Amino acid sequence: MHRLFELRQALPDDSEFLFDTYKLTLREHVEWAWGWDEDFQRNGFWTHHPIRDFQMVLVEGQRAGGLHVELLPEQHFVRMIFLHPDFQRQGMGSLLLRQTYGHARDAGKPLHLKVIKSNPARRLYERLGFHLIAEDATTLTMCMRPQSPLLEHLAQVKSFGPITWSREDLYD
């Protein structure tokens with residue numbers, strides 16, 4: 001089964017969905033690392049991830065998650081990526097990261113991200129070719145350099161426009 005997925009600029013009306021999905025998907029890991037205070041998390045979320053910096057992940061027109069990539073002079077940095085549980089484990093996170101890597105690679109820059117140590121997404125990042133470059137008590141900083149042997153045929157997607165995908169496409 002193929003599904004249509006696309007990214008669009010997040011709008012103010014998306015803010016509750018974004019925070020609620022962040023909370024639903026990452027609260028357990030934030031609690032493990034630092035504890036969870038609702039007001040602190042909500043305020044900190046929007047301070048560090050302004051709505052203008054988010055792309056909404058849409059699947060067949062339905063909001064599915066959020067992506068915040070910061071384009072820095074020396075690197076592209078995935079500040080936040082999450083998918084609502086209804087859209088997880090379908091290959092979309094892999095495809096989003098491959099596409100994001102393709103943009104970084106085309107710019108000749110490494111792609112960095114941080115992950116809380118308790119988050120099982122770490123295994124996905126390792127499978128995709130991210131390597132550990134730093135760690136502290138609660139997080140890992142990972143990097144994929146332009147020369148990484150990531151399934152290049154999938155990383156060559158140039159546009160954040162609509163993409164049709166199926167799980168089989170990801171594992172050819």
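Conventions adopted
Residues numbered from 1 in each chain as written. Predicted model: local features only at pLDDT ≥ 70, side-chain atom pairs only at ≥ 80, totals over all residues. Heavy atoms only, no water. Helix = DSSP H or I, 4+ residues; strand = E, 2+ residues; numbered from the N terminus. Buried < 20%, exposed > 50% of the residue type's maximum accessible area, 1.4 Å probe, protein only. Contact = heavy atoms within 4.5 Å. Axes fitted to C-alpha atoms, helices over the stretch in contact; angles between N-to-C directions. Parallel < 35°, antiparallel > 145°, perpendicular 65-115°, else oblique. Left-handed = near helix turned anticlockwise from the far one by under 90°. Expected span 1.5 Å × (residues − 1). Core = buried A, V, L, I, M, F, W, Y, C linked by side-chain atoms within 4.5 Å. Pairing = 2+ DSSP bridges. Nonpolar A, V, L, I, M, F, W, Y, C, P; charged D, E, K, R; others polar. Salt bridge = Lys/Arg side-chain N within 4 Å of Asp/Glu carboxyl O.

K.L.:
I'm lost on the side chain of Ser94 in this one. Help?
P.N.:
Locating Ser94 in the fold gives a position in helix H3 (residues 92-106). Among the residues examined, Ser94 registers a relative accessible area of 9% and is labelled buried. Those residues within four positions of Ser94 in sequence are excluded, and the remaining contacts are Leu124 and Leu128.

K.L.:
How should I be thinking about the packing of H3 against helix H4 (residues 121-128) in this particular structure?
P.N.:
The angle between the axes and the distance between the axes are what describe a pair of packed helices. It is the contact of H3 with H4, at a shortest axis distance of 11 Å, that shows an interaxial angle of 50 degrees. Taken as axis vectors, H3 and H4 run oblique relative to one another. Judged by the sense of rotation from one axis to the other, the crossing of H3 with H4 is right-handed. Two secondary-structure elements touch here, H3 through Ser94, Leu97 and Arg98 and H4 through Leu124, Tyr125 and Leu128.

K.L.:
Would you explain H3 in this entry?
P.N.:
In a regular helix each residue adds 1.5 Å, so 15 residues correspond to 21 Å; H3 covers 21 Å between its end C-alpha atoms and thus fits that length. In terms of burial, H3 is a largely internal element, 13 of the 15 residues being buried. The first or second residue beyond H3 is Gly108, which carries a positive phi of 70 degrees.

K.L.:
I'm lost on the nonpolar core in this one. Help?
P.N.:
Phe5, Val57, Met92, Leu96, Tyr125 and Phe130 are the most contacted members of the largest nonpolar core, which totals 27 residues. Elements with a contribution of two residues or more to this core: strand E1 (3-9), strand E2 (55-59), strand E3 (62-71), strand E4 (76-83), H3, strand E5 (111-116), H4 and strand E7 (139-144). For this core, the leading source of residues is H3, giving 6 residues. With residues near it in sequence (within four places) discarded, Phe130 still touches Leu111, Leu113, Tyr125, Met142, Cys143 and Met144. Ala10, Tyr22, Ala33 and Phe82 belong to the second-largest nonpolar core, a separate cluster that totals 16 residues.

K.L.:
Looking at this structure, I do not really get the pairing of E2. What am I missing?
P.N.:
Remember that side chains alternate between the two faces of the sheet whenever the strand is regular. For E2, the buried fraction is high: 4 of the 5 residues fall into the buried class. With 5 bridges joining them, E2 and E3 adopt antiparallel strand pairing. When the bridges of E3 are listed, Met56 appears paired with Gly66. The loop that links E2 with its antiparallel partner E3 comprises 2 residues; one of these, Glu60, has a positive phi angle of about 50 degrees.

K.L.:
Would you mind showing me how to read the packing of helix H1 (residues 15-34) against helix H2 (residues 38-48) here?
P.N.:
With their axes 11 Å apart at the nearest point, H1 and H2 run at an angle of 120 degrees to one another. With respect to each other, H1 and H2 are oriented oblique. Here the hand of the crossing between H1 and H2 comes out right-handed. Residues Ser15, Glu16, Leu18, Phe19, Asp20, Tyr22, Lys23, Arg27 and Val30 of H1 form the contact with H2, whose own contacting residues are Glu38, Gln41, Arg42, Phe45 and Trp46. Residue classes in the contact of H1 with H2 are distributed as 6 nonpolar, 2 polar and 6 charged.

K.L.:
Is there a simple way to explain the environment of Asp86 in this structure?
P.N.:
For Asp86, the location among the structural elements is in the loop between E4 and H3. Sequence separation of Asp86 and Ala64 is 22 residues, and the distance between their C-alpha atoms is 7.8 Å.

K.L.:
I would appreciate a short explanation of the pattern of salt bridges in the present structure.
P.N.:
Pairing between side chains of opposite charge can happen when the charged atoms of each approach one another. All told, the structure shown has 10 salt bridges when counted by the stated rule. In this structure, the salt-bridge partner of Glu31 is Arg27, at a minimum N-O distance of 3.2 Å. Taken together, the residues span about one helical turn, with Glu31 and Arg27 both in helix H1 at a distance of 4 residues. Given the relative accessible area of 28%, Arg27 is considered partly exposed. With a shortest N-O distance of 2.5 Å, Glu70 and Arg79 are connected by a salt bridge.

Purely geometric numbers; function is a separate question.
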